[in-house]
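Overview (structure and organization)
The residues making up each chain are set out below.
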Amino acid sequence: MCGIFCCLRVSAARSEQNKVVQQHLSRRGPDHSGELIVNGACYECLFSAHVLHMRGTLTPQPLQDPAGNILLWNGEVFGGLEVKPSENDTSAVQDRLSSCSCPGDVLSVLSEIRGPWGFIYYQRAEHFLWFGRDYFGRRSLLWTFDTGCITLSSVAAQTSEPAWQEVPTVGVYKIDLQRVTESGTVTVELYPWSPAGGDHPLSVFQSASACCTVSLNQDDLVLKSPICPLNTSIPNLSTAVKSDCDTNMGELQLLLSKQEINEDVDALLNVLSEAVRRRVQSLPIHKESQTNDQAVVAILFSGGIDSMMLAALADRHVPAHQPIDLLNVAFRLQEPKKPKVSANKANKPTGANATPSPFDVPDRITGRCGLQELQDLNPGRRWNFVEINVTQEQLQTMRQDRICHLVYPLDTVLDDSIGCAVWFAARGVGLLTQHGHQKSFSSSAKVILTGIGADEQLAGYSRHRVRFKTSGYEGLIQELSMELGRISSRNLGRDDRVIADHGKEARFPFLDEDVVSYLNALPVWEKADLTLPRGVGEKLLLRLAAKRLGLTHSAVLPKRAMQFGSRIAKMENGREKATDKCTRLLTG
């Protein structure tokens, strides 16, 4: 994870960063900071980067090659381009880009990369400035426009003017710096992904800025999509699996007895396991993690099926001597009024757990159950179940100091709830219970696995059941297509900014290109059967895979949103709607 920044000005005046933005960027990349300034005939570019070292040799950024090309890279190459185990992926990408002589060559390189990325690239000979995000938008990149100026940054500040927006993930962009004029209008060429789904790629720029013109490139060049199209076939009425079994676990066991389903389950396990392997092994192994038995991998952990699957698969690939940190966040519940107790009852001895903790929220309870399941699967592994307890005072302080800027430019009640919950969870500061005693604990893991993408692809949300009920499989397919298409603007940029604020990197196995392509290729009724009850029908294929791995209770847990499971939603105004503008995110 790195913090990258570029300011293009139509004058020779020195570009300066907002100090708050600079602070946010530096926390993203604590291992190295650098800056370069390039002056052209009628423009100036300031390039700034803050590096989080994740693989190979520490490579300072901005990275400039002998020809004067400059790369700012915030990404991970998990496939497509060859990156040797001892090599840094920033250097590998720069080497490939340095050999590009035309826009088609640049697009070819970017189309090959498998993994998350946000980048800014200056081609000196052509005076081109390239920038963009990967197909899903797994890395944050924001932009803002002013007369004679365009600024790009991994993160912004809520108090900045003019307002920032997330760079749309409809393609990558190029500015011909030789065409920049004193008028101050910046012309941006778009190179879209193909095949593209949804609306026309230019439709997202209707409110971009009067200072910026975005148009499709005149050569009709495109990036090749890294995933296969969504299977839109509709089943016959007799296709969906029916069962007379009374229990959810019995449903799964019965379905696993069918050969054709077994093949799908095995295929999903193989592709998801490989996605997890890439993400838990492409990281630096420091001496302290080997000698002090510290974790290098953590999981945002609720005990639900998504996080349990990631934990069980990570257990396959993380060295046996290394712990895995399970980050479980809870927001303090309001203490209920104590009932009156008679004198006789008051004198009776009570059990050790008679007084529940105010942090015993639903995700804490399912998290402990999930911990027990993982310990049963591999008792030799040290599972660090980190209880991250947050009071209302802590929430209010950190929201105003840090989180409001990281969530920005998103601004809804839902963004506030999830952004705050993820920020505290990713920080990893809490309590660890060992041998019956609790002690303070701070997670050392630089890599954090998160289950984003499972619900969007496998019909995990309640709205999917509503759509299925009203519009059948055709409506469900449309909903799933829309979910994946908007995941960059709804979730990923925000979560990247929030997690990276701790100098840690979010990794998304469910959004691995091979996983998405496999799931896209399946007919919808093999991924989910919403005629079956909650806890079975939604994410059906994933539940069957969990059962195959030996997971039990967690395999049939119904979906519970993070804001409700952690109880952060109970701390605030309970009458708010998720889509309402959140006044708590406003500073000052």
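Residues numbered from 1 in each chain as written. Predicted model: local features only at pLDDT ≥ 70, side-chain atom pairs only at ≥ 80, totals over all residues. Heavy atoms only, no water.

Another aspect to go through is unusual backbone geometry. Leave glycine aside and you will find that most residues have negative phi; peptide bonds, for their part, are mostly trans. Geometrically, the link from Gln61 to Pro62 is a cis peptide bond, its omega value of 0° lying close to zero. Cis geometry marks the peptide bond from Tyr408 to Pro409; its omega dihedral reads 15°. Here Pro409 lies in the loop between helix H10 (392-407) and helix H11 (413-427). For Asp220, which is not glycine, the phi dihedral falls at a positive 55°. Mapped onto the elements of the fold, Asp220 is located in the loop between strand E13 (212-216) and strand E14 (223-224). In this structure Asp220 comes out as exposed when scored by relative accessible area, which is 67%. Backbone geometry at His435 places phi at a positive 55°, although glycine is not the residue there. Mapped onto the elements, His435 comes out in the loop between strand E18 (429-434) and strand E19 (437-442). (Helix = DSSP H or I, 4+ residues; strand = E, 2+ residues; numbered from the N terminus. Buried < 20%, exposed > 50% of the residue type's maximum accessible area, 1.4 Å probe, protein only.)

So, on to empty space enclosed by the protein. The tally for this structure, following the rule as stated, stands at 3 cavities of 30 Å³ or more. Quantified by volume, the largest cavity comes out at close to 120 Å³. Taken together, 18 residues line the largest cavity, and the ones lying closest to its centre are Cys2, Leu52, Asn88, Asp89 and Thr90. At the level of secondary structure, the elements contributing two or more residues to the lining of the largest cavity comprise strand E5 (70-75) and helix H2 (89-98). No other element matches the 3 residues that E5 contributes to the lining of the largest cavity. Along the lines of polarity and charge, the residues of the lining of the largest cavity split into 7 nonpolar, 7 polar and 4 charged. (1 Å grid on protein atoms, 1.4 Å probe; cavity = no way out; pocket = protein on both sides within 12 Å on 5 of 7 lines; lining within 4 Å. Points joined across faces, edges and corners; volume = space filled by probe spheres on them. Nonpolar A, V, L, I, M, F, W, Y, C, P; charged D, E, K, R; others polar.)

Formed by 54 residues in total, the largest nonpolar core has its most connected members in Met309, Leu326, Leu449 and Leu542. No other element matches the 9 residues that helix H5 (residues 259-281) contributes to this core. When neighbours within four sequence positions are excluded, Leu326 is seen to be in contact with Ile299, Phe301, Ala311, Leu371, Leu374, Trp383, Asn384, Phe385 and Val386. In terms of nonpolar packing, the next biggest core, distinct from the first, is built from 52 residues, Cys7, Ala421, Phe424 and Ile452 among them. (Core = buried A, V, L, I, M, F, W, Y, C linked by side-chain atoms within 4.5 Å. Contact = heavy atoms within 4.5 Å.)

Once that is clear, we can look at the pairing of E5. In terms of burial, E5 is a largely internal element, 6 of the 6 residues being buried. The two faces of E5 match: Ile70, Leu72 and Asn74 on one face and Leu71, Trp73 and Gly75 on the other face are all buried. In terms of strand pairing, strand E4 (residues 63-64) meets E5 through 2 bridges, oriented antiparallel. Within E5, the position partnered with Leu63 by the bridge is Leu71. Two successive antiparallel strands, E4 and E5, enclose a turn made up of 5 residues, where Gly68 displays a positive phi of approximately 95°. Where E5 meets strand E6 (residues 117-123), 6 bridges bridge the pair, whose relative direction is antiparallel. When the bridges of E6 are listed, Leu71 appears paired with Tyr121. (Pairing = 2+ DSSP bridges.)

To continue, consider the pattern of salt bridges. Inspection of the entire model under this criterion finds 41 salt bridges. The partner of Glu387 in a salt bridge is Arg364, and the shortest N-O contact between them spans 3.4 Å. With Glu387 in strand E17 (residues 383-390) and Arg364 in helix H9 (residues 362-377), the pair connects residues that are 23 residues apart, well separated along the chain. Side by side, Glu387 and Arg364 carry an identical accessibility label, which is buried. The salt bridge partner of Arg463 is Glu483, with a shortest N-O separation of 2.6 Å. Given a relative accessible area of 29%, Arg463 falls into the partly exposed group. The buried category is assigned to Glu483, whose relative accessible area is 1%. Three or more residues are tied together by salt bridges with common partners; here these are Arg28, Arg55, Glu76, Asp89, Arg139, Asp496, Glu505 and Arg507. (Salt bridge = Lys/Arg side-chain N within 4 Å of Asp/Glu carboxyl O.)

Take the packing of H11 against helix H14 (residues 487-500) next. In helix packing, the relevant descriptors are the interaxial angle and the interaxial distance, both defined with respect to the helix axes. Orientation of H11 relative to H14, taken along the N-to-C sense of each, is 35°, at an axis distance of 9 Å. For the element pair H11 and H14, the recorded crossing hand is right-handed. Facing H11, whose interface residues are Leu414, Asp415, Ile418, Gly419, Val422, Trp423 and Ala426, H14 presents Arg490, Arg494, Asp495, Val498 and Ile499. Of the residues assigned to the contact of H11 with H14, the class counts are 7 nonpolar, 1 polar and 4 charged. (Axes fitted to C-alpha atoms, helices over the stretch in contact; angles between N-to-C directions. Left-handed = near helix turned anticlockwise from the far one by under 90°.)

With that settled, the discussion passes to the packing of aromatic side chains. Applying the stated rule across the entire model yields 15 aromatic pairs. Note on Trp117 and Phe119: the rings are 5.6 Å apart at their centroids and 75° apart in plane angle, and the pair reads as edge-to-face. Phe119 shares its class with Trp117; the two are buried. The interplanar angle of 90° and the centroid separation of 6.1 Å between the aromatic rings of Phe331 and Phe424 together place this pair among those described as edge-to-face. A residue pair is termed long-range when its members are at least 10 positions apart, and Phe331 in strand E16 (residues 324-331) and Phe424 in helix H11 qualify at 93 residues. Residue classification places Phe424 among the buried residues on the basis of a relative accessible area of 1%. These aromatic residues form a ring-pair network of at least three members: Trp73, Trp117, Phe119, Tyr135, Phe136 and Trp193. Stacked on the ring of Phe128, the Lys or Arg Lys174 has its end atom at 4.1 Å from the ring centre. (Phe/Tyr/Trp six-rings, centres within 6.5 Å; stacked < 30°, edge-to-face > 60°. Lys NZ or Arg CZ within 6 Å of the ring centre and 35° of its normal.)

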